[in-house]
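So you can see what is in the structure, the chains are spelled out below.
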Amino acid sequence: PNPFNPSTSIKFAIPTSGNISLKVFDIVGKEVAELINGFRNAGTYEINFDASYLSSGIYFYKLVTNGNVKTMKMSLIR
């Protein structure tokens, strides 16, 4: 989802059901949004992230699923 303004979709798939967490952090590591925190069934998901309240800059989303961690960079351009 790069660059985006002011919203983007984060797409991901989880192979097995379980608790997942999807959070967004700013460049210094401060959490700015919690998009998911709970149980999800196995499958493909698309979550909309509205960043209209954030300033331009680099952000990271962190997806934690069943012991796996994936972090990706996003650029918000106004």
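On a predicted model such as this, the values are computed, not experimentally measured, just so you know.

Chemist: What is the right way to read the overall build of the protein from this model?
Modeler: In terms of helices and strands, the protein carries 0 helices and 6 strands. Start at the N end of the protein and walk to the C end: the helices and strands fall as β-β-β-β-β-β. Principal-axis analysis of the C-alpha atoms gives the protein an extent of 35 × 20 × 15 Å. For the protein, buried positions account for 33% of its 78 residues. If you take every contact in the protein between residues at least 6 apart in sequence, the share linking residues at least 24 apart comes to 59%. Carbon and sulfur atoms form 50% of the exposed surface of the protein, whose accessible area is close to 4,600 Å². Both charge centroids of the protein, one from 8 positive and one from 5 negative side chains, sit 5 Å from each other.

Chemist: Could you clarify how one ought to interpret unusual backbone geometry in this entry?
Modeler: What you tend to see is this: most non-glycine residues have negative phi, and most peptide bonds are trans. Geometrically, the link from Asn-5 to Pro-6 is a cis peptide bond, its omega value of -20° lying close to zero. For Pro-6, the position within the fold is in the segment before strand E1 (7–14). Even without being glycine, Asn-66 reaches a positive phi, approximately 45°. Looking at the element boundaries, Asn-66 is found in the loop between strand E5 (57–65) and strand E6 (68–76).

Chemist: Would you take a moment to explain the packing of aromatic side chains for this structure?
Modeler: We describe a pair of aromatic rings using the distance from one ring centre to the other and the angle between the two ring planes. Tallied over the entire structure, the rule returns 2 aromatic pairs. When the centroid spacing of 6.2 Å and the interplanar angle of 55° are considered together, the rings of Phe-4 and Phe-49 count as tilted. Of this pair, Phe-4 sits in the segment before E1 while Phe-49 sits in strand E4 (residues 43–50), and the two are 45 residues apart along the sequence. Ring geometry for Phe-12 versus Tyr-45: centroids 5.6 Å apart, planes at 20°, classification stacked. A residue pair is termed long-range when its members are at least 10 positions apart, and Phe-12 in strand E1 and Tyr-45 in strand E4 qualify at 33 residues.

Chemist: I'm lost on the pairing of E1 in this one. Help?
Modeler: On a regular strand, each side chain points to the face opposite its neighbour's, so the side chains alternate between the two faces of the sheet. Of the two faces of E1, only one is covered, namely that formed by Thr-8, Ile-10, Phe-12 and Ile-14; the face formed by Ser-7, Ser-9, Lys-11 and Ala-13 stays uncovered. Here 8 bridges tie E1 to E4, and the two strands are oriented antiparallel to one another. Of the residues in E4, the one forming a bridge with Ile-10 is Ile-47.

Chemist: How should the sheet that holds strand E3 (residues 31–40) be read in this particular structure?
Modeler: Pairing between the strands of a sheet is mediated by backbone hydrogen bonds and can be parallel or antiparallel. Read from one edge of the open sheet, 4 strands run E3-E2-E5-E6, paired in antiparallel fashion. Edge positions in the open sheet fall to E3 and E6, since each of these has one partner strand only. On average, adjacent strands in this sheet sit at an angle of 15° to one another, irrespective of strand direction. Note that strand E2 (residues 18–26) and E5 share 7 bridges and pair antiparallel. Residue pairing across strands places Val-24 opposite Tyr-61, the latter belonging to E5.

Definitions and limits used
Residues numbered from 1 in each chain as written. Predicted model: local features only at pLDDT ≥ 70, side-chain atom pairs only at ≥ 80, totals over all residues. Heavy atoms only, no water. Helix = DSSP H or I, 4+ residues; strand = E, 2+ residues; numbered from the N terminus. Buried < 20%, exposed > 50% of the residue type's maximum accessible area, 1.4 Å probe, protein only. Contact = heavy atoms within 4.5 Å. Areas by Shrake-Rupley, 256 points an atom, 1.4 Å probe, with all protein chains shown as cover. Lys, Arg positive; Asp, Glu negative; His and termini not counted. Charge placed at Lys NZ, Arg CZ, Asp CG, Glu CD. Phe/Tyr/Trp six-rings, centres within 6.5 Å; stacked < 30°, edge-to-face > 60°. Pairing = 2+ DSSP bridges. Axes fitted to C-alpha atoms, helices over the stretch in contact; angles between N-to-C directions.

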